[in-house]
Amino acid sequence: MTQNFDIPEIRTPENLVYKKTSVLTDNVLHYCPGCGHGTTHRLIAEVIEEMGIQSEVIGVAPVGCSVLAYNYFDIDMQEAAHGRAPALATAIKRVYPEKFVFTYQGDGDLAAIGTNETLHACNRGENITIIFINNAIYGMTGGQMAPTTLPGMLTSTSPYGRDVQMMGNPLKITELLALLPGTYYVTRQAVHTAALVRRAKKAIRMAFENQKLNRGVSFVEVVSNCNSGWKLTPLQANKWLEENMLPFYPLGDLKVNGELVKKSE
Amino acid sequence: MKELMLMKGNEAFAEAAIRVGADAYFGYPITPQSEVMEYLMAEKPYERTGMVVLQSESELGAINMVYGAAACGKRALTSSSSPGISLMQEGISYIAGSELPCLILNVARGGPGLGTIQPSQSDYFQATKGGGHGDYRLIVLAPSSVQEMFDFVSLGFELAFKYRNPVMMLSDGVIGQMMEKVELSEQQPRLTNQQIDELYPWATTGKKPGKDRRIITSLELDPSKQEKHNLKLQEKYRKIEASEVRYETLQCEDAEYLLVAFGSSARICQKAMDLGRAKGIKVGLLRPITLYPFPYAIVEQLSNQVKGILVVELNAGQMIEDVRIGSHDRIKVKHYGRFGGMIPSPVEVLDALEKQIIGD
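This one's a predicted model, so the numbers in the text were calculated from it and none came from an experiment. (Residues numbered from 1 in each chain as written. Chains lettered and ligands numbered in written order. Predicted model: local features only at pLDDT ≥ 70, side-chain atom pairs only at ≥ 80, totals over all residues.)

1. Looking at the overall build of chain A
So, point 1. Each helix and strand counted, chain A has 9 helices and 10 strands in total.
So, point 2. Relative to its length of 265 residues, chain A is compact, with a C-alpha radius of gyration of 18 Å against a globular reference of 18 Å.
So, point 3. Principal axes of the C-alpha set define a box for chain A whose edges measure 55 × 50 × 40 Å.
So, point 4. By the burial criterion, 52% of the 265 residues in chain A qualify as buried.
So, point 5. For chain A, contacts bridging at least 24 residues in sequence account for 68% of all contacts bridging at least 6. (Helix = DSSP H or I, 4+ residues; strand = E, 2+ residues; numbered from the N terminus. Rg over C-alpha atoms; globule rule 2.2 N^0.38 Å. Buried ≥ 20, exposed ≤ 12 C-beta atoms within 10 Å, placed from the backbone. Contact = placed C-beta atoms within 7 Å.)

2. Some remarks on the overall build of chain B
So, point 1. The number of helices and strands found in chain B is 14 helices and 15 strands.
So, point 2. Along the first, second and third principal axes, the C-alpha atoms of chain B reach 70 × 50 × 40 Å.
So, point 3. Buried positions account for 54% of the 360 residues belonging to chain B.
So, point 4. In chain B, the share of contacts with a sequence separation of at least 24, taken over all contacts with a separation of at least 6, comes to 78%.

3. Digging into the confidence of the model for chain B
So, point 1. Confidence in the prediction for chain B averages 97 pLDDT; 100% of positions are at 70 or higher.
So, point 2. Reported confidence for the predicted complex is 0.96 by ipTM and 0.96 by pTM. (pLDDT = per-residue confidence, 0-100.)

4. Digging into the pairing of strand S15 (residues 332–337) of chain B
Residues and elements named next belong to chain B.
So, point 1. Relative to S15, strand S14 (residues 308–313) is paired through 6 bridges, and the arrangement is parallel. Looking at S15, one finds that Glu 313 is bridged to Gly 337.
So, point 2. Following the backbone out of S14, through helix H13 (residues 320–327) and into the adjacent parallel S15, one traces a crossover that is right-handed. (Pairing = 2+ DSSP bridges. Right-handed = clockwise from strand over helix to strand, strands pointing away.)

5. Section: the nonpolar core
Residues and elements named next belong to chain B.
So, point 1. In terms of nonpolar packing, the biggest core is built from 186 residues, with Val 66 and Leu 259 touching the most fellow members.
So, point 2. Looking at which element gives the most residues to this core, the answer is helix H7 (residues 146–163), with 9 residues.
So, point 3. Summarising the domain contributions, this core has at least three residues from each of domain 1 (3–193) and domain 2 (247–358).
So, point 4. Among all residues touching Leu 259, those that are not within four sequence positions of it are Cys 269, Ala 272, Met 273, Val 283, Leu 285, Leu 310, Val 312 and Leu 353. (Core = buried A, V, L, I, M, F, W, Y, C linked by C-beta atoms within 7 Å. Domains from an automatic or database assignment.)

6. A short note on unusual backbone geometry
So, point 1. In this chain, Gly111(B) is followed by Pro112(B) through a cis amide linkage whose omega measures 0°.
So, point 2. By the secondary structure assignment, Pro112(B) is in the loop between strand S5 (102–108) and helix H6 (124–129).
So, point 3. Here Tyr292(B) and Pro293(B) are connected by a cis peptide whose omega angle stands at 0°.
So, point 4. In this structure, Asn257(A) is a non-glycine residue whose phi angle is positive, near 50°.
So, point 5. Structurally, Asn257(A) is set in the loop between strand S9 (252–256) and strand S10 (259–260).
So, point 6. A residue is classified by how many C-beta atoms lie within 10 Å of it, and Asn257(A), with 12 of them, is exposed.
So, point 7. The backbone of Gln251(B) shows a phi angle near 50°, a positive value even though the residue is not glycine.

7. Overview of helix H11 (residues 263–278) of chain B
All names here are of chain B.
So, point 1. Between its first and last C-alpha, H11 extends 23 Å over 16 residues, near the 22 Å set by a 1.5 Å rise per residue.
So, point 2. Every buried residue belonging to H11 is among Gly 263, Ser 264, Ser 265, Ala 266, Ile 268, Cys 269, Gln 270, Ala 272, Met 273 and Gly 276, and all of these are buried.
So, point 3. Phi for Gly 280, located one or two positions after H11, is positive at around 90°. (Expected span 1.5 Å × (residues − 1).)

8. Remarks on the environment of Ser80(B)
Residues and elements named next belong to chain B.
So, point 1. Residue placement: Ser 80 occurs in strand S4 (residues 76–80).
So, point 2. Between the C-alpha atom of Ser 80 and that of Met 51, which follows or precedes it by 29 residues, the distance is 19 Å.
So, point 3. If we skip the residues at most four places from it in the chain, Ser 80 touches Gly 27, Tyr 28, Ile 30, Gln 33, Glu 59, Ile 85, Met 88 and Asn 106.

9. So, the sheet that holds S15(B)
In a beta sheet, neighbouring strands are held together by backbone hydrogen bonds and run either parallel or antiparallel to one another.
Residue and element names in this part refer to chain B.
So, point 1. Here 5 strands make up an open sheet; going across it, the order is S10-S12-S11-S14-S15 and the pairing mixed. Each edge of the open sheet carries a strand with a single partner, namely strand S10 (247–250) and S15. On average, adjacent strands in this sheet sit at an angle of 20° to one another, irrespective of strand direction.
So, point 2. Relative to strand S12 (residues 283–288), S10 is paired through 4 bridges, and the arrangement is antiparallel. Bridged to Tyr 247 within S12 is Pro 288.
So, point 3. Relative to S12, H11 is tilted by about 170°, and along the sheet it contacts S10, strand S11 (257–260), S12 and S14. (Axes fitted to C-alpha atoms, helices over the stretch in contact; angles between N-to-C directions.)

10. Remarks on helix H2 (residues 36–51) of chain A
Residues and elements named next belong to chain A.
So, point 1. Between its terminal C-alpha atoms H2 stretches 23 Å, which fits the 22 Å expected from 16 residues at 1.5 Å a residue.
So, point 2. Along H2, the residues that are buried comprise Gly 36, His 37, Thr 39, Thr 40, His 41, Leu 43, Ile 44, Ala 45, Val 47 and Ile 48.
So, point 3. Where H2 is buried, its residues contact strand S1 (57–61), strand S4 (129–134), helix H8 (194–209) and strand S8 (217–223).
So, point 4. Looking one or two residues beyond H2, the residue adopting positive phi is Gly 52, at roughly 65°.

11. What to know about the environment of Thr21(A)
Residue and element names in this part refer to chain A.
So, point 1. With respect to the element layout, Thr 21 can be found in the loop between helix H1 (7–10) and H2.
So, point 2. Thr 21 sits in the partly exposed class, given 17 other C-beta atoms within 10 Å.
So, point 3. In this structure the C-alpha to C-alpha distance between Thr 21 and Met 140, which are 119 residues apart in sequence, comes to 26 Å.
So, point 4. Once residues lying within four places of it in the same chain are set aside, the contact partners of Thr 21 are Arg 42, Ala 45, Glu 46 and Glu 49.

12. A look at the interface of chain A and chain B
So, point 1. Contact with chain A, which involves 29 residues of that partner, is made by 33 residues of chain B.
So, point 2. Of all elements in the fold, only S1, strand S2 (76–79), helix H3 (85–95) and helix H5 (115–124) of chain A reach the threshold of two or more residues within the side of chain A that touches chain B.
So, point 3. Broken down by element, the side of chain A that touches chain B gets its largest block of residues, 8 residues, from H3(A).
So, point 4. Looking at the side of chain A that touches chain B residue by residue, the class counts come to 15 nonpolar, 6 polar and 8 charged. (Nonpolar A, V, L, I, M, F, W, Y, C, P; charged D, E, K, R; others polar.)

13. Points about the domain arrangement of chain B
All names here are of chain B.
So, point 1. Considered domain by domain, chain B is made up of domain 1 (3–193) and domain 2 (247–358).
So, point 2. Between domain 1 and domain 2, the residue contacts involve 24 residues of the former and 21 residues of the latter.
So, point 3. Breaking the side of domain 1 that touches domain 2 down by element, the ones donating at least two residues are H6, strand S6 (139–141), strand S7 (166–172) and helix H8 (173–177).
So, point 4. The greatest single-element share of the side of domain 1 that touches domain 2, amounting to 4 residues, is contributed by H6.
So, point 5. Looking at the side of domain 1 that touches domain 2 residue by residue, the classes come out as 13 nonpolar, 9 polar and 2 charged.

14. Let's talk about the sheet that holds S10(A)
So, point 1. If you walk across this open sheet you meet the 9 strands as S10(A)-S9(A)-S7(A)-S8(A)-S4(A)-S3(A)-S1(A)-S2(A)-S9(B), and the pairing is mixed. Here the strands that pair on one side only, and so sit at the sheet edges, are S10 of chain A together with strand S9 (215–216) of chain B.
So, point 2. As paired strands, S9(A) and S10(A) are joined by 2 bridges and run antiparallel to one another. Paired with Lys255(A) across the strands is Leu260(A), a residue of S10(A).
So, point 3. The sheet strands contacting H2(A) are S1, S4 and S8 of chain A, and the helix crosses S4(A) at an angle near 160°.
So, point 4. Across the sheet, H8(A) lies against strand S3 (100–106), S4, strand S7 (183–190) and S8 of chain A, angled at about 160° from S7(A), the strand it touches most.

Shown next as structure tokens:
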């Protein structure tokens, strides 16, 4: 099924329907091929470009696989200590209320070591955007169990599968945050198919647009894969995500315009 | 006309923060410094100057909020007491590594652990030798009066921005809680966003068209680059050591014996010195004002003059290590300390001087 294309021949002006957004730098992404981080980075950058707010955005990078996020966004950014991004973002927005402030955090950063900062920033209703990449594993440190690791899931620190009796339950932090009065928009998205990428982009756009309203936190979870951490090929990882992650972390809006979304049965 | 006020040390610090034009205070309540945030909230600085005041979810939250605001080029400060300052050490290390200016007040209390809410100076090592991970230094100012709790806020921000380095005021429960007359300075305006953009080319304020983006980070994975960053920090610390030493000497001209003490201990020693002089003992007092950089040179100079030194601290013997370095152990250097919240009387200090230094 592998077919070799001669790239220069097909890269003709009439075929060039897609180009990189100017809000991404030319630095080569360090993410593994197939990982959702690169796609989500691109969506955020495109939203910033389309909203024309490049000079108005201050981003906060986490500790985790996306610790070097500031190498890829052509915007002002701060690097936070592990889990502390919402505290930084709180202060940035408080001293520059007219700027657009966002954090970009993984599951270990946001839902384990930084739970306190996340919960309280959301409960205070800070007028910021939080992008939460949930791939149910610690990618950067080599595939250890995360707060969102599924029951029975294999990781390097749950090598026989997550035993919830012994290791505790996965934390559905997004559901938890949706209940807080300080969150205005809470949604769960994914980026492993073209249709979902388009939907995720709309959600990220709304999460940034909401900052103009000053109504509280806009929170976008992106259920992502981690093919190297999950020890699967990119295609296998996307299939595993569909079959295992999405039933546990169903996609869709949890809270819109400050109102909880009623689940249709 | 001078504006005078009778205030607690903690209140003087808070009023100074407003008057120097600070942009943001973030804190978490802890005894014996809770008056700082109480005073700020009552004064509504967000109405007086536009200053942000926010009670955080923890000291961890507070110091990382300080990081976020400082990285924006804003004058950010926090205050806490010993156990809270311990919690902040992670953030302080990041702030030092990222070379951000800020002001941190420690109204120290006795430890270790939950310890006591009574005054102590047992955080000297933590403040001056590190506290968090990595090779970094804080500029450490030790106020010994309510007036200095006020004045060092301005000095602290000046030094913090001059060197892009966190500054700590190491106070204690005595100085924080006691009331004294304070001469207040005039209200300074907060810097405008435009002034910040012009003054601080490193601050994250939003990428300007045609300009490079600004990144605040302490991460550098390439060891050769991380070493270079460390060497740059060390160079800065040498510059601080050469230029920013501050101390006070009292009756040292003819002194045969020397008391060395900082902060509240220096106040007790001043009285002990007067009692000693009344008895005919030629005793002087050296009060380090900057604990880092430590005034080694004056200790060395006085060591050539006096017969012995008594270092008086509200701890089990911390600053004495720096005094011994300064004196090169050429003369007798002894320590007298009370701890766990106990405070010696001037008579007790003079007695210690007579027994440990003079009579021995």
